[in-house]
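Analysis of the macromolecular model
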Amino acid sequence: MHTHHPMSYGYLVVAAEGVPIDLFDQFDIPSAPVIFRGSATEDDVAKRFVRDVLDVTAKNGRLYKEVKRGDFL
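Notes on the structure in this doc start here. (Residues numbered from 1 in each chain as written. Predicted model: local features only at pLDDT ≥ 70, side-chain atom pairs only at ≥ 80, totals over all residues. Heavy atoms only, no water.)

**Some remarks on the pattern of salt bridges**
Note the cut-off: Salt bridge, as applied in this entry: a Lys or Arg side-chain nitrogen positioned within 4 Å of an Asp or Glu carboxyl oxygen. Each helix is a run of H or I in the DSSP string that is no shorter than four residues. Each strand is a run of E no shorter than two, and both are numbered from the N terminus. Relative accessibility under 20% of the residue-type maximum defines a buried residue, over 50% an exposed one, and the middle range a partly exposed one, all with a 1.4 Å probe and only protein chains included.
Counted under the stated rule, the structure contains two salt bridges. Between Asp28 and Lys59 there is a salt bridge, with its nearest N and O atoms 3.2 Å apart. Of this pair, Asp28 sits in the loop between α1 (22-26) and β2 (34-37) while Lys59 sits in helix α2 (residues 45-69), and the two are 31 residues apart along the sequence. Overall, Lys59 belongs to the buried group, its relative accessible area being 11%. When the shortest N-O distance is used, the salt bridge between Asp55 and Lys59 registers 3.1 Å. One end of the pair, Asp55, and the other, Lys59, are both in helix α2, four residues apart, so they sit about a helical turn from each other.

Right, here's the structure in full:
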């Protein structure tokens, strides 16, 4: 039986309507697709994916607070 092991992933963060894309740079949020290609010996691809998504989520939360306060104007 073949066992599948994740070797790569990709994601794209998209700005909501009304959010200036310039804020992505300010908060170090990737505006281009993020692609990770591991190898057959890479065992932590799933952990890396979760860590990356949680990191972007935290940055996105800080950005949202700025937008909500209107400090980006």
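Additional details are given in the paragraphs that follow.
**Topic: the nonpolar core**
Soluble globular proteins tend to pack their nonpolar side chains together in the buried interior. Threshold: Within this scheme, the nonpolar core is defined by two criteria: the residues are buried Ala, Val, Leu, Ile, Met, Phe, Trp, Tyr or Cys, and they are joined through side-chain atoms within 4.5 Å. In this analysis, two residues are considered to be in contact whenever any of their non-hydrogen atoms come within 4.5 Å of each other.
Judged by nonpolar contacts, Tyr9, Tyr11, Val13, Val19, Leu23, Phe24, Phe27, Ile29, Phe36, Val45, Val56 and Leu63 together constitute the single largest core of 12 residues. The set of elements that each furnish at least two residues to this core consists of β1 (8-11), α1 and α2. Looking at this core, the element that brings in the most residues is α2, giving three residues. Other than its neighbours up to four places away in sequence, Val13 contacts Phe24, Ile29, Pro30 and Val56.

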